[in-house]
Amino acid sequence: MNIIDIILKKKNKLELSEEEIKYVVENYVNDNIKDYQMSALLMAIVIQDMSNDEINYLTKYMINSGSTFDLSKFDHVVDKHSTGGVGDKTTLIISPIVSACGVKVAKMSGRALGYTGGTIDKLESIKNIKLNLDEEEFMNEISDIGLAITSQTKDIAIADKKIYALRDATGTVESIPLIASSIMSKKIAMGSKNLVIDLKVGKGALIKNLEDARRLANIMIDLGKKNNMRVVCILTNMDIPLGNNIGNSLEVMEAIDILKNKEDNDLKTLCITLASYMVKLGLDIELEDAKKMVINNLNNGLAYNKFIELINYQKGDLSSLKKQEAKYVIKATSSGYITNLTADFIGKLAMHLGAGRENMKDAIDYDAGVILHKKNGDYVTKGDIVMSLFTKKDINTNIEIVTTNEKPMEEKLIYEVIS
Ligand code: URA
C-alpha cells in the first residue's frame, strides 16, 4: 500500500477501504507518513467528503491508536461534550448537578484554542488545583465523590491528537467526517456508555448552520450505536456568547453564581436542559423526572456542595478567585438595540485581552476577559455601560457598539434535540 495512491484515490472521490484507512492512521502515528502527505489527504477529505463506512473505520483506528478506559465497574456513568463556543462554562455547572443526582461523571476536558474556551484553562484559574490526574487518581475520585475532571489521564486516541494538531495548522478542521471521528474516538475511548453532546451552531461555533449540525449529529449518534453508546445531541445557539462572563476566572465565578442560584440567564437554562438529558440517560428515567431532580438539586444547594467537594478533592483553593477591577468600561455611543456583540466578536476581543491563545503554546492571563452587562438584542441608551474589560494590556478601547432602532427577533437558545 502507498500513501500517494491513497491521496489520489480520495482526490478522485473514491471510497477508501478499511485496510487503507488502517494503513493511514497507523503509519501516520508511527511517522512513516509525513505531515505534508497527511495534510494533502486531509484536504482531499475536506473537499471530497467521506462515506459513513469510511468515518466508521477512521474512528475505529483512531480509538485503537491509544488506550481505552473501562468504567464498567461503575453504574450510571454519563459523559458530556461541547463542540466549543464563547463563554461556554457548562461543564463546571452541569458536572456537579448531575453528580448530585446520583449519576457518575468521568470527564476529560481540553484547553482553549483560538477564541474557543477550554474547561481545563478555566479550572486552572483556581490556585493549586490538580488537573493532571493519573488513571488511579481519576478512578478513585469517581468512586469517592462520583465525579472527576482531568486534563489527560493516559494516551487516549493518540492518532486524533496528532491529526487534530495538523488540521489546526492546515485549514482542515471544518470537515464533518473529521470532526465526528475526532470527537467520537475520544469519547468512545473514555468508556462511558451514555453521552450528551452540546452541538453548537452559529457565528462563534465550528458548525455554522443547522443542516451541517444535523448531519454531524446523526453521524455521531450512529458511531455511538456501533460502539454500544447512547448519544443525545442538543443543537444550541452560538451566535452570541453563553452567559455574561467570558474569560477563565470570570467564567468560574459565573459558574459559582449559577450553582448558588444567584443568576438566572441563558446559561442556567441551557445547563438545566443538558443536565436533564444526562440524568435521563444515566438513570434511565423520563426526561420530566430527570428535570425535576436537576432543579431540586440546584435549589437545595446539593449541586453547589458537590462543586466544592470536587474542588477540595482536587486541592483547589477557591479563595484565590477574586473579581478584579475592570481596566476599561465600554459605553454605548448611541441608543437602540445592540447588533454587533456576536460570539466571534466577543471571543476575539477576550482572546486579544489575554484570555485565549492563538497557538497551543501561548500563555494565557487567567484574569483577563469581558463581562457583558448588555447582550446582543438588548436595548441601550447612549452612555450605558455595555462591557467591562479585564486585562493587563494597554489596548485601543475605540470599540463601537452598533445599535439599530428595530427590535430584533428573539433568538432561540435550543434548536432541537436529536437522539
Ligand atoms: N472538537 C474535537 O475534539 N475535534 C474536532 O475535530 C473538532 C472539535
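Residues numbered from 1 in each chain as written. Predicted model: local features only at pLDDT ≥ 70, side-chain atom pairs only at ≥ 80, totals over all residues. Heavy atoms only, no water.

To continue, consider the site of the ligand. The ligand sits among Tyr 164, Arg 167, Ile 179, Ser 182, Ile 183, Lys 186 and Leu 206. Between the ligand and the protein, one listed contact pairs an oxygen atom with a side-chain N or O atom of Arg 167 at 2.9 Å. A distance of 2.6 Å is found between a nitrogen atom of the ligand and a side-chain nitrogen or oxygen belonging to Ser 182. For the ligand, whose unbound accessible area comes to 240 Å², protein coverage reaches 89%. Broken down by secondary-structure element, the contributors of at least two residues to the shell around the ligand are helix H8 (158-170) and helix H9 (176-189). Among the elements that take part in the shell around the ligand, H9 stands out by supplying four residues, more than any other. Across the shell around the ligand, the residue classes break down as four nonpolar, one polar and two charged. (Near = heavy atom within 4 Å. Polar contact = N/O pair within 3.5 Å; in protein donor to acceptor, adjacent residues only side chain to side chain. Areas by Shrake-Rupley, 256 points an atom, 1.4 Å probe, with all protein chains shown as cover. Helix = DSSP H or I, 4+ residues; strand = E, 2+ residues; numbered from the N terminus. Nonpolar A, V, L, I, M, F, W, Y, C, P; charged D, E, K, R; others polar.)

Attention now moves to helix H15 (residues 343-353). Where H15 is concerned, the buried positions are Ala 343, Ile 346, Gly 347, Leu 349, Ala 350, Met 351 and Leu 353. Buried residues in H15 make contact with strand S6 (245-246), strand S9 (369-372) and strand S11 (385-390). Of the residues flanking the end of H15, it is Gly 354, one or two places downstream, whose phi is positive at about 115°. (Buried < 20%, exposed > 50% of the residue type's maximum accessible area, 1.4 Å probe, protein only. Contact = heavy atoms within 4.5 Å.)

Summed over the entire model, instances satisfying the criterion amount to 21 salt bridges. Asp 198 is the partner of Lys 200 in a salt bridge, and the nearest nitrogen-oxygen pair spans 2.7 Å. With a relative accessible area of 0%, Lys 200 lands in the buried category. Taking the relative accessible area as the measure of exposure, Asp 198 reaches 0% and is therefore buried. With a shortest N-O distance of 2.9 Å, Lys 375 and Asp 266 are connected by a salt bridge. Of this pair, Lys 375 sits in the loop between S9 and strand S10 (379-380) while Asp 266 is found in helix H12 (residues 266-283), placing the two residues 109 residues apart along the sequence. Since its relative accessible area comes to 10%, Lys 375 is described here as buried. Taking the relative accessible area as the measure of exposure, Asp 266 reaches 21% and is therefore partly exposed. One salt-bridge network, held together by shared partners, links Asp 88, Asp 198 and Lys 200. (Salt bridge = Lys/Arg side-chain N within 4 Å of Asp/Glu carboxyl O.)

Residues Val 98, Val 370, Met 387 and Leu 389 are the most contacted members of the largest nonpolar core, which totals 73 residues. The biggest single contributor to this core is H12, with 10 residues. Both of domain 2 (77-319) and domain 3 (328-404) provide at least three residues apiece to this core. Among all residues touching Val 98, those that are not within four sequence positions of it are Val 78, Val 103, Val 105, Ala 275, Met 278 and Val 279. Residues Met 38, Leu 41, Met 139 and Met 229 belong to the second largest nonpolar core, which totals 61 residues. (Core = buried A, V, L, I, M, F, W, Y, C linked by side-chain atoms within 4.5 Å. Domains from an automatic or database assignment.)

Below, the discussion takes up the domain arrangement of the protein chain. When the domains of the protein chain are assigned, the result is domain 1 (3-48), domain 2 (77-319) and domain 3 (328-404). The C-alpha-based centres of domain 1 and domain 2 are spaced at 31 Å. Taken together, the contacts link 11 residues of domain 1 with 12 residues of domain 2. Surface buried jointly by domain 1 and domain 2 totals about 1000 Å² across both partners, of which 79% is contributed by carbon and sulfur atoms. Counting the surface domain 1 buries against domain 2, the share from its top three residues, Tyr 28, Leu 42 and Val 46, is 46%. Here domain 1 is connected to domain 2 by one salt bridge. A salt bridge links Lys 162 to Asp 31; its shortest N-O distance comes to 2.5 Å. The interface formed by domain 1 and domain 2 holds two residue pairs in polar contact (both at pLDDT 80 or more) in total. Going through the elements one at a time, helix H2 (18-29) and helix H3 (35-48) are the ones with two or more residues in the side of domain 1 that touches domain 2. Among the elements that make up the side of domain 1 that touches domain 2, the one with the highest residue count is H3 (seven residues). In terms of residue class, the side of domain 1 that touches domain 2 is made up of eight nonpolar, one polar and two charged. (Buried area = accessible area lost by both parts, 1.4 Å probe.)

Take the sheet that holds S6 next. Taken in spatial order, the four strands line up as S6-S9-S11-S7 in an open sheet, and their pairing is antiparallel. Looking at the sheet topology across the chains shown, the edges are occupied by S6 and strand S7 (328-331). Alignment of S6 against S9, held across two bridges, turns out to be antiparallel. From the neighbouring strand, Ile 246 faces S9, where its bridge partner is Val 370. (Pairing = 2+ DSSP bridges.)

So, on to the sheet that holds strand S8 (residues 336-338). Here three strands make up an open sheet; going across it, the order is S10-S8-S12 and the pairing antiparallel. Each edge of the open sheet carries a strand with a single partner, namely S10 and strand S12 (403-404). Bridge analysis of S8 against S10 gives two bridges, and the strand direction is antiparallel. Across the sheet, Gly 336 pairs through a bridge with Val 380, a residue of S10.

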